Amino acid sequence: MEKVALYPGSFDPITKGHIDIIKRSSHLFDKLIIGIFKNSTKSKAWFSDEEKVEMIEEILKKEDVDAEIKIFNGLLVDFMYEEKVNILIRGLRALSDYEYELQFTLTNKTLSKSEFETVFLTASREYLYLSSSLVKEVALNKGDLHFFVTENVEKRLIKKVEELQKD
C-alpha cells in the first residue's frame, strides 16, 4: 500500500518551521500532499489561497522537495478520504500543541470514513517558538524576518504590510 501523507495548515504565511516539517516528511512517505485550508477558523488571512500556493511552489522548487499542493475546504477527514491519504502529519512545538493536536486527532478519528495514522513531528530546535502569528507581528513592526521565513515570503510580507498600512 502506498504511504500517502498529508500536511495540512493555513500557511499564512508559510514559515521555515513549516518548511522543515515538509522537507523531513517528504523523505518518509511515498507521496506528500501539502493541504491548504481554504476556510480556516483562524483570523482573517493575509494571503489568498493562490498566493500561498505560489509561495510554497517557489520554496519546493528551490529546496528540491517533491510534494503536491492542494487547496481544500470542509472537513479534513473528507479531504483525506477523497485523496486516499492514510497518514496525517502534524508538527509539535510545545506541550500546549500536543494537547490541541491530541484533541484534533481524536476528533478526526471519530469523523473519518477511512483508516489513517497521525504522525507527530517535533519542531527542530531553532523553530520551537515559531508561528505564522509571530511572523506577522514581526512584519507589522518592521522586524528582521529572515530568521523566520524564506526570501520570497519575506518580500511578500513586506509588501503586504505596506498595503495594510495604506488602508
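Residues numbered from 1 in each chain as written. Predicted model: local features only at pLDDT ≥ 70, side-chain atom pairs only at ≥ 80, totals over all residues. Heavy atoms only, no water.

Per an unreviewed UniProt entry, the chain goes by Phosphopantetheine adenylyltransferase and derives from Leptotrichia hofstadii. Entered under Cofactor (unreviewed entry) in the UniProt record, the comment concerning the chain runs "Mg(2+)". Recorded in UniProt for the chain, the comment headed Subunit (unreviewed entry) runs: "Homohexamer." (UniProt positions renumbered as here; feature names shortened; annotations may be inferred.)

**Remarks on the overall build of the chain**
Broken down by element type, the chain carries 6 helices and 5 strands. For the chain, the succession of helices and strands along the chain, N to C, is β-α-β-α-β-α-β-α-β-α-α. Over its C-alpha atoms the chain spans a radius of gyration of 16 Å, differing by no more than 12% from the 15 Å that the globule rule assigns to 167 residues. Its C-alpha atoms give the chain principal-axis dimensions of roughly 50 × 30 × 30 Å. Looking at the chain residue by residue over its 167 residues, the buried ones come to 49%. Taking the contacts inside the chain whose residues are at least 6 apart along the sequence as the reference set, 76% of them involve residues at least 24 apart. Put simply, the chain shows about 9,800 Å² of open surface, and 51% of that area lies on carbon and sulfur atoms. For the chain, the centre of its 25 positive side-chain charges and the centre of its 30 negative side-chain charges are spaced 1 Å apart. (Helix = DSSP H or I, 4+ residues; strand = E, 2+ residues; numbered from the N terminus. Rg over C-alpha atoms; globule rule 2.2 N^0.38 Å. Buried < 20%, exposed > 50% of the residue type's maximum accessible area, 1.4 Å probe, protein only. Contact = heavy atoms within 4.5 Å. Areas by Shrake-Rupley, 256 points an atom, 1.4 Å probe, with all protein chains shown as cover. Lys, Arg positive; Asp, Glu negative; His and termini not counted. Charge placed at Lys NZ, Arg CZ, Asp CG, Glu CD.)

**Side note on the sheet that holds strand β4 (residues 87-92)**
With parallel pairing, the 5 strands of this open sheet are ordered in space as β3-β2-β1-β4-β5. What marks the edges here is a single partner per strand, and that holds for β3 (68-72) and β5 (117-122). Strand-to-strand, the axes of this sheet are offset by a mean angle of 30°, without reference to chain direction. Its contacts with the sheet place helix α3 (residues 76-83) against β1 (4-9), β2 (31-37), β3 and β4, and it is angled at close to 150° to β1. (Pairing = 2+ DSSP bridges. Axes fitted to C-alpha atoms, helices over the stretch in contact; angles between N-to-C directions.)

**Re the nonpolar core**
Among the nonpolar cores identified, the biggest contains 35 residues, and Ile-14, Ile-22, Ile-34, Ile-56, Leu-60, Ile-89 and Leu-157 are the most heavily contacted of them. Broken down by secondary-structure element, the contributors of at least two residues to this core are β1, α1 (16-26), β2, α2 (49-63), β4, α5 (132-140) and α6 (151-166). Ranked by residue count, the leading element in this core is α2, at 5 residues. Setting aside residues up to four positions removed in sequence, Ile-14 forms contacts with Ile-19, Ile-22, Ile-56, Ile-59, Val-149 and Val-153. Grouped together as the second largest cluster of nonpolar side chains are 13 residues, Ile-33, Leu-76, Val-85 and Leu-88 included. (Core = buried A, V, L, I, M, F, W, Y, C linked by side-chain atoms within 4.5 Å.)

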